[in-house]
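Listed below, chain by chain, are the residues.
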Amino acid sequence: MSPTHYPFLSIIILWPIFGAMATSLVSDIKLSKRIALGTAIIECILTLLVLGLFNSTEGNIYQLVEHYPWIPRLNIHYALGVDGISILFLPMTALLTLSAIIASWNSVQQLHRQHFALLLVLAGTTIGVFAAIDTMLFFLFWELTLPPFFFLMGLWGIGPKRRSAAMKYTLFMLFGGVPLLFGILILAMNHATAVNGPLPEALSFDLIKLLETPLADHLQLVVFSLFLLGFSAKAPLVPFHTWLPTATMEGPTQVTALLIGLKLGLYGILRLALPLAPEAAVQYSWALGILGAITLVYTGLIASQQTNLRRLLAYASISHVGLVLIGIASLTPQGLQGALFQLVNFTLISSSLMLIAGFIQHRLGSTETLHLGGLASVMPKLTCFYFLFMFASIALPGTSGFPAELLLIFGALNTHHSLGITALVGAVLSAAYMLAYSRRAFLGPVTRTAIHQLHDLRPREIGLLSVPALLIIILGFAPAVLLKVNETAIDAWLTHLLEPTKVERNEIAQLNKP
Amino acid sequence: MDNLVVLIPLLPFSAAVLVATGYITGYIKGEASESSTATIVNWAINMSCLLAFTLLGADLLHKNRGSLSLGSWLSSDDLNIEINFITHGFNVILAALFSLILSIILRFSVNYMHRETGFHRFFAIISLFAAAMLFLVLSGNALGSFFGWEIAGLCSYLLILYTYQRPSASVNATRVFITNRFGDIGFILGISLTVAWTGSANWLDLPRLAAELSTSEATAIALCFSLAAFTKSAQVPFTPWLARAMEGPTPSSTVFYGSVMISAGVYLVCMLEPIFEKAPFAMAVLIVIGAITAIHSYWVGLTQTDIKSSLAYATAGQLGLMFVECGLGYWSLAIWHLCAHAIVRCYSFLTAPSLMHSVKNNPIKPIHPAIAKIQWAYTASLQRFWLDQLADWMLVRPIRRLAHDLSYFDDHVVNHLMGIPTPTINAISSLAELEEKLLGAHPEHSQRPFTSGSGIAGKITSGFAGVVHWFEDRFILRGIGKDALHLGRQLGRIANKFELLVLRPRYLVLFILTTLLLAF
């Protein structure tokens, strides 16, 4: 039996959940922590194994597919599979979970077992979102990521309003879930009408089948806007972004690192919103681009007003979401590959910065500039890492931020000049707010006595940050490693989106000829 | 012989990585390791210098093929960017000259920086800078040059921050970096337009590709790259960053702002000669900006009281002249001027610390009394023509205020519109508040709303119910009286406030910019 017949994807979804059970059942805290750590390490290895099994030259078709009936009456299946677009998110999620577990090793003060168990559950469900190829299963995993976040934020948050922040987050996500579900149902009904079958049996939630079914013209815009509305809460896009700054201020930093590191909303836009309503997507790509531009500049300007590192990072990450959306809206291979690259960068760069903010918070009890200043002289190692990640986040050459932003800007300039120029202005803004904060917090003289007594990074923390740091530099010098993985998948994605319109155009041209 | 070119930037880069790793891991520390750091860095740069001269010799003997490609760095659909080098002509001459200057300055720094706390940091950064600069001049395509351009900018930032405990150093470094970031816009835009219109960003293909461009396209590309060149070479209106950058140690000032990095702008324009030749307007811009900078720098330089600032302005002025030469079409003159200036400026910067010795029997000549007596000219010169203040007034402050307004808007409007009603947990945040509540100290809350909702839909329903109730209560039941008048006045006040806010120049400018972008 060839190894591809093992249900690898199910294993990497279920393994952390089993690990979570074991973690929460063991009564010894030390042992349960170790179990959680072991589970996360093995999960990382498993996802890397899946990445190794994945054949990137055929990245346009789903691989490692598993297909079992789940609710046969409604034609809902338990279907998993990965293609060139989703494959990279699996190891990234596993890596980020591992980082979060190591980062919170000593900083959790109560309910240790539950904390680590919930982090593992979150990893399992998040990987489920990336691997599901049945829209109902996608929706299930999508909603299942909510409870772990709710409890993690509400129970272990560091701010006084953590419960309110957790509630705000959950309500926003539930609000996003409703249009999502409607969109999925409309698509399933559309399939039934398209094949002229009886209602419950002819429904389809299978992503591959839905992609092949043409969507009725009058439904295109409806489905597109429903999905966009649903995903914009999670992404987040202006004006649905207000939960993120609140969450970063109130939630524990290892959890907010997960929140800003895994951009499920953008993945959803890329996976469902655009390909399932292709005509509307092509027709309204300019609107998507403008939405991205507004998000980019608006939150970038607000970020320059922030005095707290965690809040600043929240706004900076929203601003980068806007940039990614501009790249997606360009509908060019460069823009889309840049967008996927940038999504990987979120995991490597933004979340590492958030973890560093967590280290400062853990030592000093604050990340407010008022309480900082001159950290560079006291914590040189932390400062080194911080500056490396900060330069990556403002896309300096030599870091992985540069090829990603270059591709995004290039893609945008190719289709809409003004969006490309806006993206460039965003690059200046991002340098301005990041450097201005760094100056106030890290440079200059040490003015507070508390800072003199700070400890620099411990070996555990250095080890934790070295992995993303190395990856950033490697990808900065050899971006082709990453671009090769999703090349064919992006080509197929674009052909699917643009081809029907091309055919139509040809038809019209032929009609006009005689 | 072409293959040697790879090692020229690679050696200093490896040295930088080696020293930095040693420094971070703690192997290289303090005065004891000074000699090992100095040996590593100096050997690397000396070897590169030797290689550069070998390459130059081979080129003069026509032994080089002219270019070397190492394969693709980044490819996505039709965008394909190679790692390639030029091993011919101007680029090799510049590489040889720059590596020579760098190796002299690094030798000078060994003694100059002796027993400084940041000795190892300084050497690691300056070695990285050497690699970046050599890559910038040897790279065979525009993106590779941008790579070197940016890393050189980063090193400049890090060396201005050499004494990062000083508040002025960190302020100046940030300002310099952000000013240069504007040039990066031009550079990236220029590269993107070149690739989009010609399909290649290789320097060697430019003469062939430029022929295909129309005048307007060539002008657009040339203007974008000029923006980049003007920021890097500190031309008007970007000149003030140069004086701010003088914060770093003297050897770094020499190499960055005296001879090597600052010339990168002129180098860029010279590389784009075929495109500029097709764009007369861009050539005119070069002449105008170059001439203005030359006059400005001469004028301001007259009143500088410290040697480094006056040298900075002298440099900016000379670069202005080089731009004028480029604009007039004397490209080879500009190249010779660039090389000669780099050598002279290197000498004058390195001797700056011992200025007192050199002027002892040779006093500086005062300027002509007729000019010295013009009051306004003196003030303008002292204030450096208010360029810094102008940038603050036109760009920094409006953007800061706009950001402040938006931040307020986000917290008070968007958050409330999108937010959920404050949960009950939040209502009582302290015991004192609970007590107040029990005593009934909040009479305004006594009148409870009839409905309460959560989420967007709930909020809308409850809000709508509240408005209808209020309308009925105040207007229909109590009659149109005081309340309506009060409300009208309040509305008027809000409208006035809004109008005042919108009429502020920053909003007008923002509005115009948005319209322009949309029309574009």
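What counts, and where the lines are drawn
- Residues numbered from 1 in each chain as written.
- Chains lettered and ligands numbered in written order.
- Predicted model: local features only at pLDDT ≥ 70, side-chain atom pairs only at ≥ 80, totals over all residues.
- Helix = DSSP H or I, 4+ residues; strand = E, 2+ residues; numbered from the N terminus.
- Buried ≥ 20, exposed ≤ 12 C-beta atoms within 10 Å, placed from the backbone.
- Contact = placed C-beta atoms within 7 Å.
- Nonpolar A, V, L, I, M, F, W, Y, C, P; charged D, E, K, R; others polar.
- Axes fitted to C-alpha atoms, helices over the stretch in contact; angles between N-to-C directions.
- Parallel < 35°, antiparallel > 145°, perpendicular 65-115°, else oblique.
- Left-handed = near helix turned anticlockwise from the far one by under 90°.
- Pairing = 2+ DSSP bridges.
- pLDDT = per-residue confidence, 0-100.
- Domains from an automatic or database assignment.

Novice: Where do I start with the overall build of chain B in this structure?
Specialist: The number of helices and strands found in chain B is 24 helices and 2 strands. Here chain B holds 520 residues, and the buried ones make up 42% of them. Relative to all contacts within chain B whose residues are 6 or more apart in sequence, the contacts with residues 24 or more apart total 75%.

Novice: Just checking my understanding: could you explain the interface of chain B and chain A for this structure?
Specialist: Many analyses report the size of an interface as the accessible area lost when the parts associate. With 47 residues of chain B in contact, the opposing surface of chain A contributes 50 residues. At the level of secondary structure, the elements contributing two or more residues to the side of chain B that touches chain A comprise β1 (67–76), α5 (142–160), α6 (167–198), α19 (387–418), α20 (424–427), α22 (455–477) and α24 (505–519) of chain B. Sort the elements by how many residues they give to the side of chain B that touches chain A and α6(B) lands first, with 13 residues. Class assignment of the residues belonging to the side of chain B that touches chain A gives a composition of 30 nonpolar, 13 polar and 4 charged.

Novice: Would you mind going over helix α10 (residues 250–259) of chain B with me for this structure?
Specialist: Three- or four-residue spacings in an α-helix give side chains the same orientation, since the helix completes a turn every 3.6 residues. Of all 10 residues making up α10(B), 10 are buried, and the element is well covered by its neighbours. When we look at burial in α10(B), the residues that qualify are Thr250(B), Pro251(B), Ser252(B), Ser253(B), Thr254(B), Val255(B), Phe256(B), Tyr257(B), Gly258(B) and Ser259(B).

Novice: Hey, could you run me through the packing of helix α7 (residues 162–195) of chain A against helix α10 (residues 217–234) of chain A in this one?
Specialist: When two helices pack together, you describe them by how their axes are tilted relative to each other and by the distance separating the axes. Residues and elements named next belong to chain A. As a packed pair, α7 and α10 sit with axes 7 Å apart at the nearest point and diverge in direction by 155°. Classed by the angle they form, the pair α7 and α10 counts as roughly antiparallel. The crossing of α7 and α10 is left-handed. The segment α7 lies against α10, with Phe 172, Met 173, Phe 175, Gly 176, Gly 177, Pro 179, Leu 180, Phe 182, Gly 183, Ile 186, Leu 187 and Asn 190 engaging Leu 219, Val 222, Val 223, Leu 226, Phe 227, Leu 229, Gly 230, Phe 231, Ala 233 and Lys 234. For the contact of α7 with α10, the class distribution of residues is 16 nonpolar, 5 polar and 1 charged.

Novice: I'm lost on the environment of Tyr507(B) in this one. Help?
Specialist: All names here are of chain B. Mapped onto the fold, Tyr 507 is located in helix α24. Placed 125 residues apart in sequence, Tyr 507 and Leu 382 show a C-alpha to C-alpha distance of 33 Å. Contacts of Tyr 507, omitting those with residues within four sequence positions, involve Leu 501 and Val 502.

Novice: Would you mind going over the environment of Pro249(B) with me for this structure?
Specialist: Checked against the element boundaries, Pro249(B) lands in the loop between α9 (240–244) and α10. In this structure, the C-alpha to C-alpha distance between Pro249(B) and Leu319(B), residues 70 residues apart in sequence, is 22 Å.

Novice: Explain the pairing of strand β1 (residues 63–71) of chain A to me, please; I cannot follow it from the model alone.
Specialist: Put simply, side chains in a regular strand alternate between the two faces of the sheet. Residue and element names in this part refer to chain A. Sheet topology places β1 next to strand β2 (residues 76–82); 6 bridges connect them, and they run antiparallel. In the sheet register, Tyr 68 faces β2, and the bridge partner there is Tyr 78. Counted between consecutive antiparallel strands, the loop separating β1 from β2 contains 4 residues, among which Asn 75 sits at a positive phi close to 65°.

Novice: When you look at the pairing of β1(B) in this model, what are you seeing that I'm missing?
Specialist: All names here are of chain B. Bridging between β1 and strand β2 (residues 79–86) involves 7 bridges; their strand directions are antiparallel. Bridging from a neighbouring strand, Ser 72 pairs with Glu 82 of β2. In sequence, β1 turns back onto β2 through a hairpin of 2 residues, with Asp 77 there showing a positive phi of about 55°.

Novice: Sorry if this is basic, but what is going on with the confidence of the model for chain B here?
Specialist: If pLDDT is low for a region, its predicted coordinates should not be looked at in detail. All names here are of chain B. Per-chain confidence: chain B averages 85 in pLDDT, with 89% of residues scoring 70 or above. Counting contacts from residues 421–428, a segment whose pLDDT is below 50, to residues more than four positions away or on other chains yields 12 contacts. Segment residues 442–453 is flagged for pLDDT under 50; beyond a separation of four residues in sequence, or across chains, it makes 14 contacts in the model.

Novice: Would you take a moment to explain unusual backbone geometry for this structure?
Specialist: Comment: phi is negative for the bulk of residues other than glycine, and the bulk of peptide bonds are trans. Residues and elements named next belong to chain A. Residue Pro 236 is reached from Ala 235 by a cis peptide bond, and omega for that bond is -10°. Along the chain, the position of Pro 236 falls in the loop between α10 and α11 (243–250). Residue Pro 239 is bonded to the preceding Val 238 through a cis peptide linkage, with omega at 5°. Mapped onto the secondary structure, Pro 239 falls in the loop between α10 and α11. Residue Asn 75 is not a glycine yet carries a positive backbone phi of 65°. With respect to the helices and strands, Asn 75 occurs in the loop between β1 and β2. Positive phi, normally seen in glycine, also occurs at Ala 395, with a value near 60°. Turning to its location among the elements, Ala 395 is positioned in the loop between α19 (380–393) and α20 (401–415).

Novice: In this structure, what is going on with the domain arrangement of chain B? I would like to understand it.
Specialist: Under the domain assignment, chain B is made up of domain 1 (4–354) and domain 2 (388–422 + 449–519). The distance between the C-alpha centroids of domain 1 of chain B and domain 2 of chain B comes to 49 Å.

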